[in-house]
Amino acid sequence: MKKLKNIEELKDFRDKCAEKFSGPDKIRIIVGMATCGIAAGAGEVFDSIAGEVMKLGLGDKVTVVRSGCMGACHAEPTVEISIPGEESVLYGNIDSQRAKVLVKNHIMRNEVVTELVLEKAYETIS
Amino acid sequence: MSTKKQLRIALKNCGVIDPENIEEYIARDGYMAIANILTEMTPEDVIEELKKSGLRGRGGGGFPTGLKLEFARKNKGKKKYIICNADEGDPGAFMDRSILEGDPHSILEAMVICGYAVGAGNGYIYIRAEYPLAIERLKIAIKQAYKYGLLGKNILGSGFSFDIELKYGAGAFVCGEETALINSIEGNRGEPHFKPPYPAEKGLWDMPTTVNNVETLANVPAIFNMGAEKFASIGTKTSKGTKVFALAGNVNNVGLVEVPMGTTLREIVFDIGGGITGGKGFKAVQTGGPSGGCIPVQFLDVPIDYESLREIGSMMGSGGMIIMDEDTCMVDIAKYYLEFTTDESCGKCTACRIGNKRLFEMLEKITEGKGTEEDLVKLKELGEIIKDTSLCGLGQSAPNPVLSTMKYFYNEYEAHVRDKICPAGICSSLTKFEINKDKCIGCTLCAKACPAACISGKVREPHEIDQDKCIKCGACYKACKFDAITKS
Amino acid sequence: MNKVNITINDMNISVPENYTVLEAAREVEIEIPTLCHLNLHDLKAVNRSASCRVCVVEVEGRGPLSPSCSTYVSEGMVIKTNTPRAVKARRTMVELLLSDHPKDCLTCEKNQQCDLQKLAANLGVREIEYTGAQSTYEKDNSSYSIFRNLDKCVLCRRCETMCNEVQTCGILSGMDRGFETVVGPAFGLPMIDTMCTFCGQCVAVCPTAALTEISNVRQVWDAINDPDKFVVVQTAPAVRVALGEEFGMEPGTIVTGKMAAALRRMGFDKIFDTDFAADLTIVEEASELIHRVQNGGRLPILTSCCPAWVKFFEHQFPDLLDIPSTCKSPHEMFGAIVKTYYAEKFKIDPHKIVVVSVMPCLAKKYEAARPELSGKGMQNVDYVISTREAAKMIKEAGINFINLPDEGFDNPLGESTGASVIFGTTGGVIEAALRTAADWLTGESLEKIDYHQLRGLEGIREGTVNIGGTDFKIGIAHGLGNARKLLEDIRAGKTEYHAIEIMACPGGCIGGGGQPYHQGDSDIIKKRAEAIYREDKGKAKRKSHENVNVIELYKEFLGEFYGEKAHELLHTKYQKRELI
């Protein structure tokens, strides 16, 4: 990557990145991995999800992402799944077993695991 | 509950993007604010826009950010500096850490914007060494930003250059005070000096310097992306935008929340926080960390902003918010905070070094049941003098937890002093454990748990506690399965 | 300087815009009490830590009270210095300080000379409302010079300002936090293990007895009272213009005669004068300078009379150990001569001789203990007492100092010239050396011997003196911070001085760490300097090489100037020391 030389180059690059991360066939599984999440076991959750995604051959359409804090400290580790065209779902109190369930149910069968869902109680400024 | 109470501006990318990948930040309009500024705006425009937004410092003081930058712009100096204050130290507060771990690029971008506004070419992030993950992610972010030409020489071909360096704090709470922080960066003892001169006149290496807290900075790129007017439409008359709070204590949904200024405490504690744990009663909420105060139930419906919190004896502070239930002893809480500030005082000025120590000692005396009514008079008098006489913000606000609890929970102080009881049963010297003979079945569990061996009785017969030997540890109380032990 | 209009206690006044509220108040005779504040104007030493909070006042429009020592005036400022709020806060600060202070005033070293004690009295503190834990620290008597009793430290940080900013030694600084905050050397090292020069400027400005000298009063009385000992005393030039202050006399009063009388009444066997040895020093140092000039030796030559300065360059400039003069300091030369020449001449067993130096200096105590400053198993000087300690002994002895008649020194080691007297002030040693060097180089007895261009209190001064057609470039620095600047220039090869005089203490020996406390008033130091030059003017002989007894000493005992015997007894060597 060479340095961005002006605002146009940045804009082009932004559009490229946007497409890369949120194209119509991009499923994102985000694991909250700030210090708090990691302390609560998010590392194992991440590994478990990544392993399951590989195992089930979902590597092409699913990206597993380490993010910062999602805010729900009372329910760490937290995982958010977003499928294009659908409302993203926030899950709490995930461990490595439950992580596998999420991949199987939510991604493979398109079934929300309702008992683990957390209310996403915020709006984000646009 | 139809409407969502939380609105994320500072946290907009936290928990959404991969903080270690600059492309994810860019995909969400990252670095567009600085790009637009460098292409279209003069430094004066930038300051004007920030003034229009009404953004005020989120680190505690609430000083208008635009004005701060304007002072530094107007003051002359061979060099100028931008400092990001990431020395978050309030007990229970982790707003800044979360932002740095979740969205480090927003801080870098904001620093470049501030640098452009004041004419500074160098920035320092003063971060406590106890935040290794935040440091790691910042390092990665800085490296990536340099790689993409978003830091360093001639940013986006604008001719403007800006460098950022990390400086680690060794954990002194007082280094969050800007003059102490600057001393620390310079390699001197981290202790404050009297202001004026303010950092905007004589800051780092005696040059004009702007010190902004992490959350303040996190708002800056967002303001330019959304427009100052839109930002200013959120919040109250004097306080615009949102505030991030770290919700902790006896509340069900502990966590990081971001709410528009003007949200009430009731909304935060009950709607967002999900109420008090164990279904207990609400007693108080402590805001502003060790510098703040305890707010009682009658103010739950006050829309909170910088001014309203100050009026009710607390302060916004950096965003720690600790919820206390009915079992909390307010004298003990005051003592806890005083212990923290006396430990963390830099020791420079008399008022803070000795004054707060004496306050703490008086509180100790009171919680041990040795306090007198005269102590209560002295406590208040000395607390007010310390506020009036201390050199820096730490000392000036250290008595707040004492004064606010005295103001709203005076009856608890009186109970400790006059009746020698701790109504919440927290202060061990004032607590008495007794065995209810009607309930005790003589299972001996309490006697086995007692570290002082002061519980006697035959098996299957009611036991008894020798009050002279009891050390009030509460082990028996916890061990008893028949509710036979009472605490008073 | 532009002026601004302010209102202070309802008075409208106009003061320069760079004034602090404290300075403005003093203009209209309002005395705001202070404790940590220190401003030695002429010596450019200012402590404005604003840490004691005693000088707080109300400034309209500002929330909390403002420290007047570090709050600068501004147009339209309205100040009230003595409202109940300010007075109450002020008194509380003093009470808090007292609540963490040993209340042993009656037996305290600084009784009646303590700023905290005075402050408490002036504010009418009659009881201390607050009680609680008291700080206790191990006392540090590791050095020969400075005694640290941190139980009495009020954290004013004056010592730190002197040590770090003025002297640039950086030995003392704040450590730890909260109630446990303390001022001391890095890693809690004892003073003797640090690169402290023992200049004693920290002691000179300490408002309490947290820093005092290590006292040698007891040992000196014991020596005097020991019939087996022959106790001789010598007095440094700067002592005679300051000792009177301890007895309530005006600063700048010359008490040479009374001092000699008092020492005699105390029971010293001989009352001699370090000034004699100062003349001896000049003869040796001027010879050394001429030797270096004529033999292509290394220049500049640096004076070596000041022991704090010597220790400073041993630690800080070990690469330049060959430039200072190898001359011992005057009182050490004196000690060496007493235990050899004088002992021989008057047939006294040198082992029975006890040499006591009365010095304006605390570093001299350390210097006296340096192993190389000895001969035949005897230290050149046995005990050093400061001007303050001498005054204490005079008081202990029940001597009515003020009414004493003037008496002279004993001979032959009591004779001195004006040149030796001016050793006591900055610039004096080099002026004395020039008086001799000029005569020698020109072969004449020059009339013009007042080198006014070298006098004054500027921290670094330089001047060019033409002697017999040759220009000598002279540098002078007092205060170790100034010395450092000159030395760094020398190290960088940026200067071309022939000779440099350096004194560690601001003002020279008259401002020494062992002098009566100036209590922050630098006018006192000025007056002592004026007295020094008055004493010089009043002397019949004003050139060192004209001291008859010095000349006789060479004839009878030492032989040549700068010769072999002189080297053995009057010269020394330096060593590299660590930076810590």
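Residues numbered from 1 in each chain as written. Chains lettered and ligands numbered in written order. Predicted model: local features only at pLDDT ≥ 70, side-chain atom pairs only at ≥ 80, totals over all residues. Heavy atoms only, no water.

Draft legend 1. Representation of the overall build of chain C within the structure. Broken down by element type, chain C carries 18 helices and 21 strands. For chain C, the C-alpha radius of gyration of 25 Å lies close to 25 Å, the compact-globule estimate for 580 residues. Expressed as lengths along the three principal axes of its C-alpha atoms, the size of chain C is roughly 75 × 55 × 50 Å. Per-residue burial for chain C yields a buried fraction of 63% across its 580 residues. In chain C, once contacts between residues fewer than 6 apart in sequence are set aside, the share between residues at least 24 apart is 73%. For chain C, the centre of its 66 positive side-chain charges and the centre of its 78 negative side-chain charges are spaced 2 Å apart. (Helix = DSSP H or I, 4+ residues; strand = E, 2+ residues; numbered from the N terminus. Rg over C-alpha atoms; globule rule 2.2 N^0.38 Å. Buried < 20%, exposed > 50% of the residue type's maximum accessible area, 1.4 Å probe, protein only. Contact = heavy atoms within 4.5 Å. Lys, Arg positive; Asp, Glu negative; His and termini not counted. Charge placed at Lys NZ, Arg CZ, Asp CG, Glu CD.)

Draft legend 2. Geometry of the interface of chain B and chain A. Listed as interface residues are 49 residues of chain B and, on the opposing side, 41 residues of chain A. For the pair chain B and chain A, the two sides together bury roughly 3,600 Å², of which 60% comes from carbon and sulfur. Looking only at chain B, the three residues that lose the most surface to chain A are Lys-4, Arg-8 and Tyr-148 of chain B, adding up to 17% of its buried area. If you look at where chain B meets chain A, you find three salt bridges. In this structure, Asp-29 of chain B engages Arg-14 of chain A in a salt bridge whose closest nitrogen and oxygen atoms are separated by 2.8 Å. Of all the secondary-structure elements, those providing two or more residues to the side of chain B that touches chain A are β1 (6-8), α1 (22-27), α2 (32-40), α5 (95-102), α7 (132-147) and β7 (255-260) of chain B. Per-class residue counts for the side of chain B that touches chain A are 22 nonpolar, 13 polar and 14 charged. In the sheet, strand β6 (residues 122-124) of chain A pairs with β1 of chain B via three bridges, with the strands oriented parallel. Bridge pairing in β1 of chain B links Glu-123 of chain A to Leu-7 of chain B. (Buried area = accessible area lost by both parts, 1.4 Å probe. Salt bridge = Lys/Arg side-chain N within 4 Å of Asp/Glu carboxyl O. Nonpolar A, V, L, I, M, F, W, Y, C, P; charged D, E, K, R; others polar. Pairing = 2+ DSSP bridges.)

Draft legend 3. A look at the arrangement of the chains. Across the two pairs of chains in contact, the largest number of contacts is found between chains A and B. Spatially, chain A is disjoint from chain C: no contact exists, and the shortest C-alpha separation is 29 Å.

Draft legend 4. Focus on the side chain of Thr-236 of chain B. Here Thr-236 of chain B is to be found in the loop between α10 (228-232) and β6 (242-249). In contact with Thr-236 of chain B, other than residues within four places in its own chain, are Met-261, Gly-262 and Asp-305 of chain B.

Draft legend 5. Focus on helix α8 (residues 178-185) of chain B. Residue and element names in this part refer to chain B. Counting buried residues in α8 gives seven out of eight residues, a clear majority hidden from the surface. If you check which residues of α8 are buried, you get Glu-178, Thr-179, Ala-180, Leu-181, Ile-182, Asn-183 and Ile-185. Buried positions along α8 lie against α4 (65-74), β2 (81-86), β3 (122-128), β4 (163-169) and β5 (209-213). Immediately beyond the C-terminal end of α8, within one or two residues, lies Gly-187, with a positive phi of roughly 95°.

Draft legend 6. Quick look at the domain arrangement of chain C. Residue and element names in this part refer to chain C. In terms of domain boundaries, chain C breaks down into domain 1 (3-97) and domain 2 (217-570). Here domain 1 and domain 2 have C-alpha centroids that lie 41 Å from each other. With seven residues of domain 1 at the interface, the matching set in domain 2 holds 12 residues. Taking both sides of the interface into account, the surface hidden between domain 1 and domain 2 amounts to around 620 Å²; carbon and sulfur atoms contribute 62%. Per-residue buried area on domain 1 facing domain 2 is highest for Leu-40, Asp-42 and Leu-43; these three make up 79% of the total on that side. Joining domain 1 to domain 2, the criterion identifies one salt bridge. A salt bridge links Glu-458 to Lys-44, with the shortest nitrogen-to-oxygen separation between them at 3.8 Å. Counting across the interface, domain 1 meets domain 2 through one residue pair in polar contact (both at pLDDT 80 or more). (Domains from an automatic or database assignment. Polar contact = N/O pair within 3.5 Å; in protein donor to acceptor, adjacent residues only side chain to side chain.)

Draft legend 7. Region of the structure containing the pattern of salt bridges. The full count for this structure, using the stated rule, is 76 salt bridges over all chains. Notably, a salt bridge pairs Glu-384 of chain B with Lys-380 of chain B, separated by 3.5 Å at the nearest N-O pair. Within this pair, Glu-384 of chain B and its partner Lys-380 of chain B are both found in helix α15 (residues 373-389), separated by four residues, close to a single helical turn. You can call Glu-384 of chain B partly exposed: its relative accessible area is 41%. Asp-273 of chain C is paired through a salt bridge with Arg-240 of chain C; the nearest N and O atoms lie 2.6 Å apart. Here Asp-273 of chain C is found in strand β13 (residues 270-273), whereas its partner Arg-240 of chain C is found in the loop between β12 (230-235) and α7 (256-266), with 33 residues between them in sequence. Arg-240 of chain C carries the same exposure label as Asp-273 of chain C, and that label is buried.

Draft legend 8. View of the domain arrangement of chain B. You can read the domains of chain B as domain 1 (22-232), domain 2 (242-325), domain 3 (330-419) and domain 4 (432-487). A C-alpha centroid distance of 35 Å is found between domain 3 of chain B and domain 4 of chain B.

Draft legend 9. Representation of the interface of chain B and chain C within the structure. Contact residues are listed per partner, giving 34 residues for chain B and 37 residues for chain C. Both faces considered, chain B and chain C share a buried interface measuring about 2,800 Å² in area, 55% of it formed by carbon and sulfur atoms. Between Arg-157 of chain C and Glu-191 of chain B there is a salt bridge whose closest N-O contact spans 2.8 Å. Elements with a minimum of two residues in the side of chain B that touches chain C: α13 (330-344), α14 (350-367) and α15 of chain B. Among the elements that make up the side of chain B that touches chain C, the one with the highest residue count is α14 of chain B (nine residues).

Draft legend 10. Fine view of the confidence of the model for chain C. Here chain C averages 95 in pLDDT, while 100% of its residues score no lower than 70. Of the two predicted TM-score estimates for the complex, the pTM is 0.92 and the ipTM is 0.95. (pLDDT = per-residue confidence, 0-100.)

Draft legend 11. Focus on the side chain of Arg-292 of chain C. All names here are of chain C. Assignment of secondary structure puts Arg-292 in helix α8 (residues 274-294). Within the local environment of Arg-292, its side chain forms a polar contact with the backbone oxygen of Arg-298, the two atoms lying 2.8 Å apart. Once residues lying within four places of it in the same chain are set aside, the contact partners of Arg-292 are Gly-297, Arg-298, Leu-299, Pro-300, Ile-301, Asp-322, Ile-323, Pro-324 and Ser-325.

Draft legend 12. A look at the environment of Gly-274 of chain B. The topology assignment puts Gly-274 of chain B in the loop between α11 (265-272) and β8 (282-287). Put simply, Gly-274 of chain B and Val-254 of chain B are 20 residues apart on the chain and 8.8 Å apart in space, counted from C-alpha to C-alpha.

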